[in-house]
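# Observations on the model geometry
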Amino acid sequence: MTASPTRAPPPEGAGEAGGAIRPIVAIAHLSKSYRRGDQVVPVLRDITLDIPPGDFIALMGPSGSGKSTLLNLIAGIDKPDAGELRVDGEDITRLAEAELADWRAAHVGFVFQFYNLMPVLDAFENVELPLLLTSLGKRDRRERVETALALVGLSDRMDHYPNELSGGQQQRVAIARAFITDPTIIVADEPTGDLDRKSAEDILGLLRRLNSEMGKTVIMVTHDRHAVESARHVTHLEKGELVAGDGEKVT
Amino acid sequence: MYFKLVFKNIFRHRLRSLLTIVGLVVAILAFGLLQTVVHAWYAGADMASTTRLITRNATSLVFPIPIYYRERIKAVDGVKAVAVSNWFGGIYKDQSFGNFFPQFAVDHDIWFDLYPEFRTRPDELLAWKKDRSGAMVGRQLADQHGFKVGDVIALKGAIFPGTWEFTVRGIFEPRDDTTITRQMYFHWDYLNERMKQLFPKRAEYAGLFIVQIADPGRAAEISRTIDREFKNSLAETLTETEKAFQLGFVAQTETIVMAVRIVSFVVIVIIFAVVANTMAMTARERMAEYATLKALGFGPGFVAGLIGGESVMITVLGGLLGILATFPVAAVFKSLLGSMFPVFQVAPGTVAMQAAAAVGVGVLAGLAPAIRAGRVKIVDGLRYIG
């Protein structure tokens, strides 16, 4: 795959406005640190990165490199210390908690490593969850959920509970839940990390389809070299900084 | 979906939920029974009338007052009627607690006019009034010992020596469940006659007077007037409302009542700790789920509501079962302790307190975990392994 540019080239078919492509995710001088006792531990330093619409980008790096933190910031579930982070033109660092929650509901689809399904809800109800925050009626929600589950190949498992599904099937339910609201971006944190090779390939295939057929922008954190091959672009992080593919720091 | 989530979450750990609910049932039941015991203690005061005053010897209840006081009290403005009442204290069969029941020598001609809460049959009342050694027994007492009209009750006098025989001429019924009918009344004249014969110095005395007044609003004023009437006499009087008089008896055992009351609340505190611990464990285990819901866009209120709602639903379920169990268990208690508590019934106020305790425990026990779940940072919650 390609090396990690700070400004990822646009994928084929990406929208242009007056010749310039507006990135769907625009990150400028983003920094984040955590407190550990009295110590301040920097996790991300001065990150600048643009992700064009319709991209499928993989964030790679060793443990502690800050890739999951960067993904969390993009998804609006964590806040940076400094810098600007725009998603679809909106600076999400300025949003209050409640506004951010509404923003996530409308713009972000989540795929977690351990699926994070509600164990007391069946596949249908799990996929329906994000739709409860919309104004859709029961019938519309049903139609959408059935379509989504059909797309991930689980029409016959709608009334199954997570503990009645394999890991791969649970992750497919999670993917259906991620795109059910037609979000702006889909963030996936190690989506194949808990799966066998075959299931992992199925999941990556689904993410590729979401990207190529539905035009969804997918941002994926992964350690998996095979998973990286599904991405259009790869961005490497080391010690909280973007680096070129060979480990050289990007300036 | 909210209620579905709350309801399904309750039964995720069936054994834990079951044990918590069983604990709640026992606690709410125990609370209800102990409150009923406290209520039963005050039964005498509860059935007191606002139109009745009690005049007794100011020195102590054990000292009698002359019978001629009756006419002077009757002459006080606002007094409608005056009746004598004397504690008899006779022993039925033996001195066992099960055979104890109160007996009073009373003014037979007006007694039941003063106590409309006792329902009598006119023919039985007439027969009693005509028979000098006749007795009227209450329904509870009759049922307890199997007394029937025509039976002869033999009592061994403890305060008034000798063997005393009374013929049951009637059985009076309670007006409602709060009326105590575990006592026996007989003619004061009969007692006084025997005293005249055996112990003339003890004749012509009354234990106390029941004073019927027309206007309850004048109770304090009439009481003061009666007591002023006998100021500096050989037997000064103390007049008080019937309720105050009854509460005076309860005050003698106030420490026990207080202990029972405290224990009833301690039971609630204990179950609160149990439920709070259960909810804290539950919330801790589900932190990743709450974080996921927040990531999906659900607000802190929804997430806090899940754990708070679950807590309240568990305690309401346990409380409801506890309240339902209180009635049959109280009935068993009553059958076992009937001689100690003539009125032992679960009052509506007790049920309300049980319900309030259940809901209160649910709200308070779920409060801290709910706030914690609502405030969990998504990135921290997602890392949480319960």
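Residues numbered from 1 in each chain as written. Chains lettered and ligands numbered in written order. Predicted model: local features only at pLDDT ≥ 70, side-chain atom pairs only at ≥ 80, totals over all residues. Heavy atoms only, no water.

### Overview of unusual backbone geometry
- Residues other than glycine seldom take positive phi values, yet D46 of chain A does so here, at roughly 45 degrees.
- Examined against the element boundaries, D46 of chain A turns out to sit in strand β2 (residues 39-51).
- Of note in this structure, K93 of chain B is not a glycine but carries a positive phi near 65 degrees.
- The residue K93 of chain B is located in the loop between β4 (91-92) and β5 (103-106) in this model.
- With a relative accessible area of 64%, K93 of chain B lands in the exposed category. (Helix = DSSP H or I, 4+ residues; strand = E, 2+ residues; numbered from the N terminus. Buried < 20%, exposed > 50% of the residue type's maximum accessible area, 1.4 Å probe, protein only.)

### A few points about the interface of chain B and chain A
- Each partner contributes residues to the interface: chain B has 18 residues there, and chain A has 20 residues.
- Across the chain B to chain A interface the summed buried area is about 1900 Å²; carbon plus sulfur atoms make up 71%.
- Inspection of the region where chain B meets chain A yields 2 salt bridges.
- Salt-bridge contacts for K4 of chain B lead to E125 of chain A; the nearest nitrogen and oxygen are separated by 2.5 Å. (Contact = heavy atoms within 4.5 Å. Buried area = accessible area lost by both parts, 1.4 Å probe. Salt bridge = Lys/Arg side-chain N within 4 Å of Asp/Glu carboxyl O.)

### Things to note about the sheet that holds strand β8 (residues 217-221) of chain A
Residues and elements named next belong to chain A.
- Strands sit in the order β6-β7-β8-β3-β9-β10 across an open sheet of 6 strands; the sheet is mixed. This sheet does not close on itself; its edge strands, each paired only once, are β6 (108-111) and β10 (241-243). When the angles between neighbouring strand axes are averaged without regard to direction, this sheet yields 25 degrees.
- In this structure, β6 lies alongside strand β7 (residues 185-189), joined through 4 bridges in parallel fashion. Opposite F110, over in β7, you have V187 as the bridge partner.
- Contacts between helix α2 (residues 97-107) and the sheet are confined to β6 and β7, with β6 contributing the most and set at about 75 degrees to the helix. (Pairing = 2+ DSSP bridges. Axes fitted to C-alpha atoms, helices over the stretch in contact; angles between N-to-C directions.)

### Examining the packing of helix α2 (residues 14-41) of chain B against helix α14 (residues 348-375) of chain B
All names here are of chain B.
- Between α2 and α14, the least distance of the axes is 10 Å, while the angle of their chain directions is 145 degrees. Crossing hand, α2 versus α14: right-handed. In this structure, α2 contributes I28, L29, F31, G32, Q35 and T36 to the contact, and α14 contributes T350, M353, Q354, A357 and A358.
- Tallied by class, residues from the contact of α2 with α14 come to 6 nonpolar, 5 polar and no charged. (Left-handed = near helix turned anticlockwise from the far one by under 90°. Nonpolar A, V, L, I, M, F, W, Y, C, P; charged D, E, K, R; others polar.)

### Observations regarding the nonpolar core
- V25, L70 and I219 of chain A are the most contacted members of the largest nonpolar core, which has 73 residues in total.
- With residues near it in sequence (within four places) discarded, L70 of chain A still touches I27, L30, L44, I47, L49, L59 and L237 of chain A.
- L191, M195, I213 and F230 of chain B belong to the second-largest nonpolar core, a separate cluster that totals 41 residues. (Core = buried A, V, L, I, M, F, W, Y, C linked by side-chain atoms within 4.5 Å.)

### Some points on the packing of α2 of chain B against helix α11 (residues 254-285) of chain B
All names here are of chain B.
- Between α2 and α11, the least distance of the axes is 9 Å, while the angle of their chain directions is 165 degrees. Classified by the angle between their axes, α2 and α11 sit roughly antiparallel to one another. Where α2 crosses over α11, the two elements pack in a sense that is left-handed.
- Broken down by class, the residue content of the contact of α2 with α11 amounts to 19 nonpolar, 6 polar and 3 charged. (Parallel < 35°, antiparallel > 145°, perpendicular 65-115°, else oblique.)

### Side note on empty space enclosed by the protein
All names here are of chain B.
- Tallied over the entire structure, the rule returns 5 cavities of 30 Å³ or more.
- Around the largest cavity, the lining residues are T36, H39, A40, A43, D46, T178, V343, F344 and Q345.
- Listed by contribution, the elements that provide at least two residues to the lining of the largest cavity are α2 and α3 (43-46).
- Residues belonging to the lining of the largest cavity are distributed by class as follows: 4 nonpolar, 4 polar and 1 charged. (1 Å grid on protein atoms, 1.4 Å probe; cavity = no way out; pocket = protein on both sides within 12 Å on 5 of 7 lines; lining within 4 Å. Points joined across faces, edges and corners; volume = space filled by probe spheres on them.)

### A few points about the packing of aromatic side chains
Residues and elements named next belong to chain B.
- Enumeration over the complete set of coordinates arrives at 32 aromatic pairs over all chains.
- Aromatic pair F88 and F186: ring centres 5.2 Å apart, planes at 85 degrees, arrangement edge-to-face. Of the two residues, F88 sits in the loop between β3 (79-87) and β4 while F186 sits in strand β10 (residues 184-187), which places them 98 residues apart along the sequence. Each member of the pair, F88 as well as F186, carries the same accessibility label: buried.
- These aromatic residues form a ring-pair network of at least three members: W87, F100, F104, W111, F112, Y115, F118, W128, F172 and Y185.
- A cation over an aromatic ring shows up here: R194 above the ring of W164, its NZ or CZ 4.0 Å from the ring centre.
- Above the ring of F199, the side-chain terminus of R202 is found at 5.8 Å from the ring centroid. (Phe/Tyr/Trp six-rings, centres within 6.5 Å; stacked < 30°, edge-to-face > 60°. Lys NZ or Arg CZ within 6 Å of the ring centre and 35° of its normal.)

### What to know about the side chain of R172 of chain A
All names here are of chain A.
- Relative to the assigned elements, R172 resides in helix α5 (residues 167-179).
- Although R172 is buried, it makes no salt bridge; D202 carries the closest opposite charge, 5.1 Å away.
- One polar contact links the side chain of R172 to the main-chain carbonyl oxygen of V152, over a distance of 2.9 Å. (Lys, Arg positive; Asp, Glu negative; His and termini not counted. Polar contact = N/O pair within 3.5 Å; in protein donor to acceptor, adjacent residues only side chain to side chain.)

### Re a nonpolar patch on the surface
- A surface patch of nonpolar side chains, amounting to about 560 Å² of accessible area, comprises F7, F11, L317, L320, L321 and L324 of chain B.
- The leading source of residues in the nonpolar patch is helix α13 (residues 300-337) of chain B, at 4 residues. (Patch = residues over 30% accessible without salt bridge, like charges linked within 9 Å, V, L, I, M, F, W, Y side chains within 5 Å. Areas by Shrake-Rupley, 256 points an atom, 1.4 Å probe, with all protein chains shown as cover.)

### Description of the confidence of the model for chain A
All names here are of chain A.
- The predicted model of chain A has a mean per-residue pLDDT of 87, with 89% of residues at 70 or higher.
- Counting interchain partners and residues more than four positions distant, the pLDDT-below-50 stretch residues 1-7 has 28 contacts.
- Contacts for the low-pLDDT stretch residues 13-18, under 50 throughout, to residues beyond four places or in other chains number 4 contacts. (pLDDT = per-residue confidence, 0-100.)

### Comments concerning the sheet that holds β2 of chain A
Residue and element names in this part refer to chain A.
- In spatial order, the strands read β2-β1-β4-β5; together these 4 strands make up an open sheet with antiparallel pairing. Across the chains shown, the open sheet's two edge strands, defined by having one partner strand only, are β2 and β5 (90-91).
- Direction of pairing for strand β4 (residues 82-87) relative to β5: antiparallel, over a ladder of 2 bridges. When the bridges of β5 are listed, R86 appears paired with D91.
- Of the strands in this sheet, β1 (25-36), β2 and β4 touch helix α1 (residues 67-75), which is tilted by about 120 degrees from β1.

### Some points on the side chain of H145 of chain B
- Mapped onto the elements of the fold, H145 of chain B is located in helix α7 (residues 139-145).
- In this view, H145 of chain B contacts Y92, G98, N99 and F101 of chain B; residues no more than four positions away in its chain are not counted.

### Details of the pattern of salt bridges
- Evaluation of the coordinates by the stated rule reveals 33 salt bridges over all chains.
- A salt bridge links K8 of chain B to E125 of chain A; its shortest N-O distance comes to 3.7 Å. Residue K8 of chain B is found in helix α1 (residues 2-10), and its partner E125 of chain A is found in helix α3 (residues 123-128); the two belong to separate chains.
- We classify K8 of chain B as partly exposed; its relative accessible area is 24%.
- Here K74 of chain B and E71 of chain B are joined by a salt bridge, their closest N and O atoms 3.7 Å apart. Of the two residues, K74 of chain B and E71 of chain B are both situated in helix α4 (residues 69-74); the distance of 3 residues between them amounts to about one turn of the helix.
- Assessed through its relative accessible area of 47%, E71 of chain B is described here as partly exposed.

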